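Spelled out from the first residue to the last, the chains are:
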Amino acid sequence: MKAKAPSILSADLKITGSIVSDGEVQLDGSVEGDVRATDLTIGEEASIKGEVVAENVVIRGRVVGSVRARQVQLSATARVEGDVIHATLAIESGAFFDGLCKRSSDPLSDAKSSSASSSKPASQSSSASTPTSAASNTPPRAAASADKAVANDPFTSKS
C-alpha cells in the first residue's frame, strides 16, 4: 500500500472550526477549534485554541487547551496552556507548560469517558485534578527525594 502524504496547513491559513484527519497533519497556521489526527506536528508559528487528540503529537508552537495523545513531545519552542493526558511524554528544555499532566495507558479512550467523569461531585474528585502548590501537598518521602534532586541539580549554586 502506498504511504499517504501529510496534510500541510500553511502559516497563512486561519481556521475557525474543527479539523479531523485519519492521517498525518502538519499545522503551521492557526486553528480555533479542536484538532484530531493520527499524527500531528504543530509548527513553531502555529497556534491552536481547542482540544488536541492524536496518536502522536509534536508541539513546537502554541496550544491553549487540553492535549490527549499516546506520545506527546514538547519541543524547546512549545508553549502549552492546558492539561496533557499521555502514555509517553517528553519535554525539551525551554518548553513552556502550564497545566496538569496525567499518564494514562489509553489516553484516547479516556477522551470519550472524560465527560462522564467530570460530572462527579467535588467530594469524589481526586486531589490530583486540582492544582495545588507542591510544597503544601508533598508527602514526606517525596520531599526527601525532592531535596536530594535539588542537591544534585547542576543549576543550583554550591557555595
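Think of each chain on its own: its residues are numbered from 1, step by step along the sequence as written. The predicted origin of the model limits local features to residues at a pLDDT of at least 70 and limits the giving and counting of side-chain atom pairs to 80 or more, whereas totals for whole chains, interfaces and linings rest on all residues. The basis for every side-chain value is the complete set of non-hydrogen atoms in the structure, without hydrogens or water.

(A) Region of the structure containing the sheet that holds strand S9 (residues 62-64). Only strands joined by at least two bridges in the DSSP assignment are considered to pair. Numbering of helices and strands runs from the N terminus; a helix is a DSSP stretch of H or I covering at least four residues, while a strand is a stretch of E covering at least two. On the basis of which strands lie adjacent, the open sheet formed by 6 strands has the order S2-S5-S7-S9-S11-S13 and parallel pairing. Both outer strands of the open sheet, strand S2 (14-16) and strand S13 (96-98), are each paired with one neighbouring strand and no more. Each neighbouring strand pair of the sheet contributes to a mean axis angle of 5°, computed without reference to strand direction. Of the pairings in the sheet, the one linking strand S11 (residues 79-81) to S13 comprises 3 bridges and is parallel in character. In the strand pairing of S13, Val80 is matched with Phe97. Only C-alpha atoms enter the line fits that serve as axes; for helices the fit covers just the stretch in contact. Angles between N-to-C directions range over 0 to 180 degrees.

(B) Looking closely at the packing of aromatic side chains. Centre distance within 6.5 Å is the pairing criterion for rings of Phe, Tyr and Trp, where only the six-membered ring of Trp is used; planes under 30 degrees apart are then read as stacked, over 60 as edge-to-face, and the remainder as tilted. Scanning all chains against the criterion turns up 0 aromatic pairs. Directly above the ring of Phe96 sits Arg79, whose terminal nitrogen or CZ lies 4.0 Å from the centroid. Distance and angle both matter: a charge sits over a ring if NZ of Lys or CZ of Arg is within 6 Å of the ring centre and within 35 degrees of the ring normal.

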